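# Examining the three-dimensional arrangement
Take a look at the letters that make up each chain.
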Amino acid sequence: LDDDRSVFGRIARGVRAPQTSELYRLQPGQTIDGIEPETLDSLEAGYRQGFGDDGRLELTAFAMAKRHVFFRDADGFNVTDGRTLHRGIEAELDYPLTPAWRVNLAGTWAHHTYDFDRPVGTASEVIRKGADIDTAPRWLWDARLVWQPQPAWSGELEWSHVGAYFADAANEHRYDGHDLLALRVRYAPGDRVEVFATVRNLLDERYAERADFAFGNERYFPGEPRAISIGVRVTG
């Protein structure tokens, strides 16, 4: 549009051939005539804008359709003709507040849904068209406040958010998501030496790296508690 603003679009198809393990790991009595390659058709459109010398904003909307999705259902049978739909918006902002401070924001809102019906023996894993895909949060975002008063020193406070999502395909069990803070500091006394320290999960939150529902129970895979790393990096 001009030196600072532009629009873009993209149409693409991705194809994945079946793997050997997918072709031969069948349950007793299960037969499959043929497996088609898994395809993903995507449409994207976006807008970019620059701010000054190093500021940037980017907005992207997307819609995707997957066909011949291959996975294992709750009965242990291989599904070869699954279909899913994905649509959402992504945003990214890198903006200098002052010469020493800047903010970085990146986030996604996306709706991932099944596009077919699949009855199984386990009620909590019955797949219905239009239901949310399990373990697929709608909201993901990351915000960072960066401080660099001089080239040798820098610090960063990061806030990461994982939104709520369903833990089962039937959308009957839910994980509420979590928010985490991290703090990073770096000092470079010379051209070849760098000292750094990181505190992950600053508030020592209890959270799950992944949550699902299996064997009649809710399962949580615990995330890392508060952890501190200190190191020295030498290059050249």
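Residues numbered from 1 in each chain as written. Predicted model: local features only at pLDDT ≥ 70, side-chain atom pairs only at ≥ 80, totals over all residues. Heavy atoms only, no water.

The next thing to look at is the sheet that holds strand E2 (residues 38-51). Across the sheet, which stays open at both edges, the 10 strands sit in the order E1-E2-E3-E4-E5-E6-E7-E10-E11-E14 with antiparallel pairing between neighbours. Since the sheet does not close on itself, it has two edges, and those belong to strand E1 (5-16) and strand E14 (227-234), each with one partner. Strand-to-strand twist across the sheet, computed as the mean angle between neighbouring axes with direction ignored, equals 15°. Relative to strand E4 (residues 78-96), strand E3 (residues 55-72) runs antiparallel, the two being bridged by 14 bridges. Residue pairing for E4: Thr60 is matched across the bridge by Glu90. (Pairing = 2+ DSSP bridges. Helix = DSSP H or I, 4+ residues; strand = E, 2+ residues; numbered from the N terminus. Axes fitted to C-alpha atoms, helices over the stretch in contact; angles between N-to-C directions.)

Looking at where Thr84 falls in the secondary structure, it is placed in strand E4. Within the local environment of Thr84, its side chain forms a polar contact with the side chain of His86, the two groups lying 2.8 Å apart. Dropping the residues within four chain positions of it, Thr84 is found in contact with Met64, Ala65, Lys66, Arg67, Val69, Thr113, Tyr114, Asp115 and Ile133. (Polar contact = N/O pair within 3.5 Å; in protein donor to acceptor, adjacent residues only side chain to side chain. Contact = heavy atoms within 4.5 Å.)

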